[in-house]
Amino acid sequence: MFLTRFRMNTARPGTRRLLSSPQALHAAVMSSFPNLLPSDQASGDGPRVLWRLDHNAKAEVLLYLVSPEQPDLTHLVEQSGWPTTASPGAPGWQTRPYAPLLDRLAKGDRWAFRLTANPVHHIRRTGDEPRKRTAHLTPTHQLQWLLDFGRQERAGFRVLEKREDKRLLPGGTTYNKHPHHGDRYEVHVRDQRALAFGKRADGGGRGGQVSLVTVTFDGRLEITDPERMRLTLTAGLGKAKAYGCGLMTLAPLTSRPVR
């Protein structure tokens, strides 16, 4: 497995085209792997190509990839990078083996994490209609999606809880600084995006409209099952993986807590 980072040149028309269409960006990402077939992505039960856009600032958009094979992003550099500054020693992107990090994961380890996901649930408005997949639209419900005990258990981690700040009030009662569900955990929900775009059919024509809501979670977690955690990092979490969702990355913890 490999982890790749590519900074997109937001001043270029090619970049703006790719950023406006997850379908086009997915096609560009998959073009980086000439030996991978679409059927290799169909299962979802094992390692696959995952990608995510980090909008750190208006002029800083980073594309992250996790992939079974080492990518060649030459075409992306030409479309949306800085081709005049690329060289054999510095091709315009950075790729490193992912196995050293995956192999060192252990139960009880704590990491900072980032995840862009498509939090959804299934509803039925009447008793005789089929259940319909629907996006969670509020930060509270989006957070509940991530904090679902079964989802965390299957993914091999738990989101850390904040330390309770209890102070004694007159009469011997206590004050809890984090009484609400969303304030209890070391995680922050941000960057909600509502996306709508046309999907290509297998024959190349239009295959209908795709609408989805994505959010980014920044937080801290503890690994509860290293093997399941490795699968989460290489196979993704949640739906819409072809459209930039599901990729979780880890980073060493800093002393600054998530607020």
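Note that the structure is a prediction, hence the values are computed from the model and not measured.

*Asks:* Describe the overall build of the chain, and please don't skip the residues or the numbers.
*Replies:* For the chain, the count of helices and strands is seven helices and 13 strands. Within the chain, buried positions represent 42% of all 259 residues. Taking contacts inside the chain between residues at least 6 apart in sequence as the whole, the part at least 24 apart equals 70%. About 14,400 Å² of surface is accessible on the chain, with carbon and sulfur atoms providing 50% of the total.

*Asks:* Break down the pattern of salt bridges for me, citing the residues and quoting the values.
*Replies:* Two side chains that carry opposite charge are able to pair once their charged atoms sit near each other. Enumeration according to the criterion identifies ten salt bridges in this entry. We note a salt bridge from Arg110 to Glu222, for which the minimum N-O separation is 2.9 Å. Remark: Glu222 occurs in strand S12 (residues 206-223) and Arg110 occurs in strand S5 (residues 110-117); sequence separation between them is 112 residues. Given the relative accessible area of 44%, Arg110 is considered partly exposed. What makes Glu222 buried here is its relative accessible area of 15%.

*Asks:* Which residues make up unusual backbone geometry, and what are the values?
*Replies:* Despite not being glycine, Asp191 shows a phi value in the positive range, around 55 degrees. In this fold, Asp191 is placed in strand S11 (residues 187-200). Exposure remark for Asp191: the relative accessible area of 24% places this residue in the partly exposed category. Of note in the backbone geometry, Ala240 takes a positive phi value of approximately 60 degrees without being a glycine.

*Asks:* Which residues make up the confidence of the model for the chain, and what values do they have?
*Replies:* Residues of the chain with pLDDT of at least 70 account for 76%, and the chain-wide mean is 82. Across residues 172-180, where pLDDT falls below 50, the model places 18 contacts with residues more than four positions away in sequence or in other chains.

*Asks:* Provide a residue-level description of the environment of Trp51, including the pertinent values.
*Replies:* Mapping Trp51 onto the fold places it in strand S2 (residues 50-57). Between the C-alpha atom of Trp51 and that of Arg5, which follows or precedes it by 46 residues, the distance is 9.7 Å. At a separation of 3.4 Å, a polar atom in the side chain of Trp51 contacts the main-chain carbonyl oxygen of Ala242.

*Asks:* Tell me about the packing of aromatic side chains, residues and numbers included.
*Replies:* All chains considered together, the criterion is met by two aromatic pairs. Their ring planes at 40 degrees and their centres at 6.5 Å tell us that Phe113 and Phe157 sit as a pair that is tilted. Highlighted residues: Phe113 in strand S5 and Phe157 in strand S8 (residues 157-159), separated in sequence by 44 residues. Of the two residues, Phe113 and Phe157, both sit in the buried class. On the basis of an interplanar angle of 15 degrees and a centroid distance of 6.3 Å, the ring pair of Trp145 and Phe217 is categorised as stacked.

*Asks:* A description of the sheet that holds strand S3 (residues 60-67) should follow, citing residues and the corresponding values.
*Replies:* Here four strands make up an open sheet; going across it, the order is S2-S3-S1-S4 and the pairing antiparallel. Among the strands making up the open sheet, the edge pair consists of S2 and strand S4 (94-97). Shown here is a sheet whose adjacent strand axes are inclined to one another by a mean of 15 degrees, direction ignored. The pairing of S2 with S3 spans seven bridges and is antiparallel. Bridge pairing in S3 links Trp51 to Leu65. The sheet contacts of helix H2 (residues 22-30) involve S2 and S3, and relative to S2 the element is tilted by about 120 degrees.

*Asks:* Tell me about the nonpolar core, and name the residues and values.
*Replies:* Within soluble globular proteins, side chains that are nonpolar generally end up buried alongside one another. Counting 33 residues, the largest nonpolar core has Phe113, Leu146, Phe217 and Leu250 as its most contacted members. Those residues in contact with Phe217, other than ones at most four positions away along the chain, are Phe113, Arg114, Leu115, Ala117, Pro119, Gln142, Leu143, Trp145, Leu146, Val187, His188 and Val189. Counting residues in hydrophobic clusters, the runner-up holds 20 residues, among them Val29, Trp51, Leu65 and Leu76.

*Asks:* For the environment of Glu227, give the residues involved together with the corresponding values.
*Replies:* Relative to the helices and strands, Glu227 resides in helix H7 (residues 226-235). Taking C-alpha positions, Glu227 is 9.5 Å from Asp103, a pair spaced 124 residues apart along the chain.

*Asks:* Give a detailed account of H7, specifying residues and quantitative values.
*Replies:* Helical geometry note: an α-helix holds 3.6 residues per turn, so side chains three or four residues apart project in the same direction. Where burial is concerned, most of H7 is hidden: seven out of the ten residues are buried. Taken as a whole, H7 has its buried residues at Pro226, Met229, Arg230, Thr232, Leu233, Thr234 and Ala235. Where H7 begins, the capping side chain belongs to Asp225, and its oxygen is found 3.1 Å from the backbone nitrogen of Glu227. The first or second residue beyond H7 is Gly236, which carries a positive phi of 95 degrees.

Conventions and cut-offs
- Residues numbered from 1 in each chain as written.
- Predicted model: local features only at pLDDT ≥ 70, side-chain atom pairs only at ≥ 80, totals over all residues.
- Heavy atoms only, no water.
- Helix = DSSP H or I, 4+ residues; strand = E, 2+ residues; numbered from the N terminus.
- Buried < 20%, exposed > 50% of the residue type's maximum accessible area, 1.4 Å probe, protein only.
- Contact = heavy atoms within 4.5 Å.
- Areas by Shrake-Rupley, 256 points an atom, 1.4 Å probe, with all protein chains shown as cover.
- Salt bridge = Lys/Arg side-chain N within 4 Å of Asp/Glu carboxyl O.
- pLDDT = per-residue confidence, 0-100.
- Polar contact = N/O pair within 3.5 Å; in protein donor to acceptor, adjacent residues only side chain to side chain.
- Phe/Tyr/Trp six-rings, centres within 6.5 Å; stacked < 30°, edge-to-face > 60°.
- Pairing = 2+ DSSP bridges.
- Axes fitted to C-alpha atoms, helices over the stretch in contact; angles between N-to-C directions.
- Core = buried A, V, L, I, M, F, W, Y, C linked by side-chain atoms within 4.5 Å.

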